[in-house]
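Structural overview
Spelled out from the first residue to the last, the chains are:
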Amino acid sequence: MPELRVTRTKKDTKTSATLSELRVGQVRIPLPNRFPISPERNALKPAGIKDPLPGEVAVLARLGQPDTIKRILTQEDALKSMARFLSRETGADALRLLYFSFLKGANISNADDLKTILDLQYLAGLDLITVQHTPDMSPGDFDAQLGFAERWMDERGVDKPLMPIILATDDGKLAIELVGITAKHGSKAVGLDLRGGFHYHALRAVEDYKKKNPDVWIHALQVPPKIRLSRHPLPCSQGMILPMFGVDSFSRWIVPPPPTPLTKDVINVFDPKGWGSLKKKDFEEIRKNTTNCKCAVCQGKDLEPFYEGKVLDVLARAKVHDHLAQRIELEKTRDSIKEGEFLSLLNSKEYPREFLKQMPSREED
Ligand SMILES: [Zn+2]
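I will try to describe carefully the structure that is included in this document. These numbers come from a predicted model, not from an experiment.

Within the first shell, the zinc ion binds the protein through Cys293 (SG), Cys295 (SG), Cys298 (SG) and His321 (ND1), at distances of 2.1 to 2.3 Å. Metal-centred angles of 95 to 120 degrees between the four donor atoms at the zinc ion mark the site as tetrahedral. Positions of the donor residues of the zinc ion along the chain correspond to the pattern C-x1-C-x2-C-x22-H. With cysteine 293 in the loop between helix 10 (280–285) and helix 11 (303–306) and histidine 321 in helix 12 (residues 311–338), the pair connects residues that are 28 residues apart, well separated along the chain.

This part is about a positive patch on the surface. On the surface, a cluster of positive charge is contributed by Arg8, Lys11, Lys211 and Lys212. At the level of elements, strand 1 (4–11) and helix 8 (200–212) are the ones that each hand at least two residues to the positive patch. As for its position among the elements, arginine 8 is in strand 1. What makes arginine 8 partly exposed here is its relative accessible area of 37%.

Quick look at the sheet that holds strand 3 (residues 27–31) now. Strand order in the open sheet formed by three strands is 1-2-3, and the pairing between neighbours is antiparallel. Edge positions in the sheet fall to strand 1 and strand 3, since each of these pairs with one other strand and no more. Averaged over all adjacent pairs, the angle separating strand axes in this sheet is 20 degrees, with direction ignored. Looking at chain direction, strand 1 and strand 2 (residues 18–24) are connected through seven bridges and run antiparallel. Paired with threonine 7 across the strands is glutamate 21, a residue of strand 2. Seen against the sheet, helix 12 touches strand 1, strand 2 and strand 3 and runs at an angle of roughly 115 degrees to strand 2.

Our focus in this paragraph is the side chain of serine 237. Within the secondary structure, serine 237 is located in the loop between strand 12 (232–234) and helix 9 (238–241). On the accessibility criterion, serine 237 (2% relative accessible area) is buried. Apart from residues no more than four positions distant in its own chain, serine 237 is found in contact with Pro225, Ile227, Phe270, Trp275, Gly276 and Gln326.

Applying the stated criterion to the full structure yields 22 salt bridges. When the shortest N-O distance is used, the salt bridge between lysine 80 and glutamate 76 registers 3.8 Å. One end of the pair, lysine 80, and the other, glutamate 76, are both in helix 4 (residues 76–88), four residues apart, so they sit about a helical turn from each other. According to the relative accessible area criterion, glutamate 76 is exposed, its value standing at 52%. Across the pair glutamate 350 and arginine 287 runs a salt bridge whose closest N-O atoms are separated by 3.1 Å. With glutamate 350 in helix 14 (residues 350–358) and arginine 287 in the loop between helix 10 and helix 11, this pair connects stretches of sequence that are 63 residues apart. One network of salt bridges, with partners in common, ties together Glu21, Arg23 and Arg28.

Reading the values: the criteria
Residues numbered from 1 in each chain as written. Predicted model: local features only at pLDDT ≥ 70, side-chain atom pairs only at ≥ 80, totals over all residues. Heavy atoms only, no water. Donors = N, O, S within 2.8 Å, 3.2 Å for Na, K, Ca; no water. Tetrahedral: all angles 85-135°; square planar, octahedral: opposite > 155°, others 65-115°. Helix = DSSP H or I, 4+ residues; strand = E, 2+ residues; numbered from the N terminus. Patch = residues over 30% accessible without salt bridge, like charges linked within 9 Å, V, L, I, M, F, W, Y side chains within 5 Å. Areas by Shrake-Rupley, 256 points an atom, 1.4 Å probe, with all protein chains shown as cover. Salt bridge = Lys/Arg side-chain N within 4 Å of Asp/Glu carboxyl O. Lys, Arg positive; Asp, Glu negative; His and termini not counted. Charge placed at Lys NZ, Arg CZ, Asp CG, Glu CD. Buried < 20%, exposed > 50% of the residue type's maximum accessible area, 1.4 Å probe, protein only. Pairing = 2+ DSSP bridges. Axes fitted to C-alpha atoms, helices over the stretch in contact; angles between N-to-C directions. Contact = heavy atoms within 4.5 Å.

Written out as structure tokens, the structure reads:
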């Protein structure tokens, strides 16, 4: 098996952030990091960027619409066609894994369905095999599904790392139980599906687990641009603070198209200066008409070219910029952890500082 291994280089002093290296076969990946999902790759062209998106891991993310899932589960042609698309989506240099954002009414409920989804990943030649904990699935059923996937791998002769993906909820006890199930199966890679929210208790459960198991790779999926604390949205970028909870890497959310047409004014754009997610008027007012960004999209220019043209082009630019700019800022994260100073870095950034002030303390858990 291309062995998957996480080696910790350094533990941060005042947070649970760790500086590590993820190795899968010959690939070596610095952590903390951010990895791209399919809609970000699709945004390259409308954003006018020719180079592929940087990312050692590629999350092949799909919206799990009920009819799409049903077709894959029941029609051989649909399954094969999806496998072909998945296999061609990125170059062979990235480690590829499949993720479905299951929408209401879509589910992988029995062993036959799970086997089909596993076969899909096998047919597409993906590098990691994922098993997702879906809404309404009990911890016991999830445990059974992981056992099934292990037997499937043995029977098929699939020699790849298995990554369970657990759903984050606000129930701390459930989160601990789910993490425990992945531990029971000896998982060295664990996905945490944040489902577009800030699930404090699930993050704390993962943090405690990671502290005891620094050799497990924790990847957060479905990370929204901002943080919602007790119904109160903060502009703080959620992805950028996740390392303090022991999360090693993250990728952005995949969301259905909005019901009402989007306007340029409401698009969230990552602010490298304050680590917030800001709208156009904030960049105009607070950032004096600049993105403060040298990424391939912004190129250090002022706001005008960024917000030029069609709404969907601006959205594409925002997606690509967010990825590139956060990858650049994550280099600073890694440098700060090396010095044991991640908390100081967070406090030097306007929006994480605000988040830290409002975050519940552990005593109040
Ligand atoms: Zn940029």
